[in-house]
Amino acid sequence: MVHVLGSRTLLTPTDPERSRTFYGERLGLSVYREFGTGPERGTVYFLGGGFLEVSGRSETPPSPAIRLWLQVDDVTAAHEELRAQGVDVLRPPVREPWGLIEMWIADPDGIRIALVEVPADHPMRYRPGI
């Protein structure tokens, strides 16, 4: 049996500096650690219960099948802040049929990112009878 001690999502962007600017400055993720030197150095950001590592350089953009899901306290406030930062908002906040409030943005390589607010009465927060 594999005993997992930690995990992270690895991104190899086409332009590492542009991606670091997006994740660190525009999205405002806090840096967990950095390693290496030069333009392909690695930067690991906190993602709540996980990490996002941006390192290396790719000649081609990532697959559109790769997406990130980030839970936030207030998706409306996040929407206003990110628009002010010039982030490409693909879809503003919408309450989905499953009860979550979601908005979608894209990173510089087109990776789709869902910012999700879980309302206080949603089953993910509260399960009656349990």
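Just so it is clear, the model here is predicted, and its values are computed rather than measured.

Engineer: Explanation requested: the packing of aromatic side chains in the structure shown.
Structural biologist: Aromatic ring pairs are defined here through the distance separating the ring centres and the angle between the ring planes. All told, the structure shown has five aromatic pairs when counted by the stated rule. Relative to Tyr45, the ring of Tyr23 has its centre 6.4 Å away and its plane inclined at 40°; by these criteria the two rings are tilted. Taken together, the residues span a long stretch of sequence, with Tyr23 in helix H1 (residues 16-26) and Tyr45 in strand E3 (residues 42-47) at a distance of 22 residues. On the basis of relative accessibility, which here comes to 1%, the residue Tyr23 falls in the buried class. Ring geometry for Tyr32 against Phe46: centres 5.3 Å apart, planes inclined by 80°, an arrangement best described as edge-to-face. With Tyr32 in strand E2 (residues 31-35) and Phe46 in strand E3, this residue pair connects regions lying 14 residues apart in the sequence. The exposure class of Phe46 is partly exposed, given its relative accessible area of 37%. One aromatic cluster is present, built from ring pairs that chain together Phe22, Tyr23 and Tyr45. Sitting over the ring of Phe51, Arg8 keeps its end group 5.9 Å from the ring centre. The positively charged end of Arg112 is found above the aromatic ring belonging to Trp104, 4.7 Å away from the centroid.

Engineer: Looking at this structure, how should I read the sheet that holds E3?
Structural biologist: Within a sheet, each strand pairs with its neighbour through backbone hydrogen bonds, oriented either parallel or antiparallel. Here four strands make up an open sheet; going across it, the order is E1-E4-E3-E2 and the pairing mixed. The sheet is open, and its two edges are formed by strand E1 (9-11) and E2, each paired on a single side. Across this sheet, the average inter-strand angle for adjacent strands is 20°, counted without regard to direction. Alignment of E2 against E3, held across four bridges, turns out to be antiparallel. From the neighbouring strand, Arg33 faces E3, where its bridge partner is Val44.

Cut-offs used in this document
- Residues numbered from 1 in each chain as written.
- Predicted model: local features only at pLDDT ≥ 70, side-chain atom pairs only at ≥ 80, totals over all residues.
- Heavy atoms only, no water.
- Phe/Tyr/Trp six-rings, centres within 6.5 Å; stacked < 30°, edge-to-face > 60°.
- Helix = DSSP H or I, 4+ residues; strand = E, 2+ residues; numbered from the N terminus.
- Buried < 20%, exposed > 50% of the residue type's maximum accessible area, 1.4 Å probe, protein only.
- Lys NZ or Arg CZ within 6 Å of the ring centre and 35° of its normal.
- Pairing = 2+ DSSP bridges.
- Axes fitted to C-alpha atoms, helices over the stretch in contact; angles between N-to-C directions.

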